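# Topology and contacts: notes
The primary structure of each chain is shown beneath.
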Amino acid sequence: MEVLLLYFLFVNVLEFIITGYDKFLARKQKRRIPENTLFFLAFIGGSIGLLTAMLIFSHKTAKTSFIVKFIGIILIQIVIIYFTINHKI
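As a starting point, this report considers the structure included with it. Everything numeric here is computed off the predicted structure, so don't read it as measured data.

Quick look at the nonpolar core now. Formed by Ile18, Leu25, Ile33, Leu38, Phe39, Leu41, Ala42, Leu50, Met54, Phe66, Phe70 and Ile73, the largest nonpolar core amounts to 12 residues. Only α1 (2-27), α2 (35-57) and α3 (64-85) provide two or more residues apiece to this core. By residue number, the principal contributor to this core is α2, which donates 6 residues. Excluding its chain neighbours within four sequence positions, the residues that come into contact with Leu41 are Val11, Leu14, Glu15, Ile18 and Gly46.

Structure (structure tokens):
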């Protein structure tokens, strides 16, 4: 269980840092982190890190397509957690 918690901590901190760095790159008009990278990290457990970074850095909050895809990832994670808890997977 400790390994799982450390994993989620690592992925969320990494996601937060990468999203913040992407915001920095956006301000400097440099080459950006691909959205698929942000989504992948969110999907494998970094949703809280991405959400926190979006709110703190005001990053990707006005991009509807990004928010819709992010909500989709959250919903998939909720379904996975629900079925995992109920041992139906």
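Looking now at the environment of Val11. In this structure, Val11 sits in helix α1. A relative accessible area of 3% places Val11 in the buried class. Residues Val11 and Gly46, 35 residues apart in the sequence, show an inter-C-alpha distance of 5.2 Å. Residues within four places of Val11 in sequence aside, it is in contact with Leu41, Ile44, Gly45 and Gly46.

As a further point, take the environment of Phe57. Mapped onto the secondary structure, Phe57 falls in helix α2. In the structure, Phe57 is positioned 41 residues away from Phe16 in sequence and 9.7 Å away in space, judged by C-alpha atoms. Not counting chain neighbours up to four residues away, the residues in contact with Phe57 comprise Phe16, Gly20 and Lys23.

A separate point is the pattern of salt bridges. It is possible for side chains of opposite charge to pair when their charged atoms get near one another. For the structure on display, the rule yields 3 salt bridges. When the shortest N-O distance is used, the salt bridge between Asp22 and Arg32 registers 3.0 Å. Residue Asp22 is located in helix α1, and its partner Arg32 is located in the loop between α1 and α2; the two are separated by 10 residues in the primary sequence. Owing to a relative accessible area of 36%, Arg32 belongs among the partly exposed residues under this scheme. Among the salt bridges present, the one from Lys60 reaches Glu35, with a minimum N-O distance of 3.1 Å. Taken together, the positions of Lys60 in the loop between α2 and α3 and Glu35 in helix α2 put the pair 25 residues apart, joining distant regions of the chain. Pair check on accessibility: Lys60 and Glu35 agree, each one buried. Residues joined by salt bridges that share partners form a network here, namely Glu35, Lys60 and Lys63.

Basis of the calculations
Numbers given to residues run from 1 along each chain, matching the order in which its sequence is written. Owing to the predicted nature of the model, reporting of local features is limited to residues with pLDDT of at least 70; listing and counting of side-chain atom pairs is limited to 80 or more, with chain, interface and lining totals taken over all residues. With hydrogens and water set aside, each side-chain value is computed from the structure's full complement of heavy atoms. We define the nonpolar core as a collection of buried residues of types Ala, Val, Leu, Ile, Met, Phe, Trp, Tyr and Cys that are connected through side-chain atoms lying within 4.5 Å of one another. Using a 1.4 Å probe on the protein chains alone, a residue whose accessible area is under 20% of its type maximum counts as buried, one over 50% counts as exposed, and one in between counts as partly exposed. Labels follow the DSSP assignment, with helices taken as runs of H or I lasting at least four residues and strands as runs of E lasting at least two, numbered in each case from the N terminus. Every residue pair with non-hydrogen atoms within 4.5 Å of one another is taken to be in contact. The term salt bridge refers to a pairing of a side-chain nitrogen on Lys or Arg with a carboxyl oxygen on Asp or Glu at a separation within 4 Å.

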